[in-house]
Amino acid sequence: MSFIPLHDRVPVRRIEGDAKTSGGLIIPDTAKEKPQEGEIVAVGAGAKDVKAGDRNLFGKWSGTEIKLDGEDLMIMKESDILGVMT
């Protein structure tokens, strides 16, 4: 199935962080926070500052979680993206 976001919305795939602390302790799944870093999957026609494939940072409460073709994604407005990582 193909998904094309509308206006300035972008679907984002979360990028999981490390499961260990800098001291080597393993963090259990129940104690992990959801990552605030992701990769843009596609862009809508209104998106100007981002493109598909960009790695980005977004706010903790940004976006709406969806499941598309069995994959967990987030849909958010371009304005919810805090910055693009280079």
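Refer to the structure above for everything that follows.
Undergrad: For the overall build of the protein, give the residues involved together with the corresponding values.
TA: Counting its regular elements, the protein contains 0 helices and 6 strands. Its helices and strands in sequence order give the protein the pattern β-β-β-β-β-β, from N to C terminus. When its C-alpha atoms are laid out on the principal axes, the protein stretches across 45 × 30 × 20 Å. Relative to its 86 residues, the protein shows a buried fraction of 28%.

Undergrad: Please give an account of the sheet that holds strand S3 (residues 55-58) that cites residues and values.
TA: Reading across from one edge, S4-S5-S1-S2-S3-S6 is the order of the 6 strands in this open sheet, with antiparallel pairing throughout. On the outer flanks of this sheet lie strand S4 (64-68) and strand S6 (81-85), each paired with one strand and no other. Between one strand axis and the next, the sheet turns by 40 degrees as a mean value, whatever way the strands run. The pairing of strand S1 (residues 9-14) with strand S5 (residues 71-77) spans 4 bridges and is classified as antiparallel. In the strand pairing of S5, Arg-9 is matched with Lys-77.

Undergrad: Quick one: what's the story with the pairing of S3, residue by residue and with numbers?
TA: Taking every second residue as pointing to the same face, the buried face of S3 carries Asn-56 and Phe-58, while none of Arg-55 and Leu-57 on the other face is buried. Alignment of strand S2 (residues 37-40) against S3, held across 3 bridges, turns out to be antiparallel. Its bridge partner lying in S3, Glu-37 is registered against Leu-57. Here S3 runs beside S6; their pairing, made up of 4 bridges, is antiparallel. Bridge assignment links Arg-55 to a residue of S6, and that residue is Met-85.

Undergrad: Got a sec to walk through the environment of Trp-61? Specific residues and values, please.
TA: Within the element layout of this structure, Trp-61 appears in the loop between S3 and S4. Residues Trp-61 and Val-12, spaced 49 residues apart in sequence, show a C-alpha to C-alpha distance of 14 Å.

Undergrad: Just give me the short version of the side chain of Ser-62, but keep the residues and values in it.
TA: Positionally, Ser-62 belongs in the loop between S3 and S4. Polar side-chain contacts of Ser-62 include one of 3.2 Å to the backbone nitrogen of Gly-59. Excluding its chain neighbours within four sequence positions, the residues that come into contact with Ser-62 are Met-74, Met-76 and Asp-80.

Conventions adopted
Residues numbered from 1 in each chain as written. Predicted model: local features only at pLDDT ≥ 70, side-chain atom pairs only at ≥ 80, totals over all residues. Heavy atoms only, no water. Helix = DSSP H or I, 4+ residues; strand = E, 2+ residues; numbered from the N terminus. Buried < 20%, exposed > 50% of the residue type's maximum accessible area, 1.4 Å probe, protein only. Pairing = 2+ DSSP bridges. Axes fitted to C-alpha atoms, helices over the stretch in contact; angles between N-to-C directions. Polar contact = N/O pair within 3.5 Å; in protein donor to acceptor, adjacent residues only side chain to side chain. Contact = heavy atoms within 4.5 Å.

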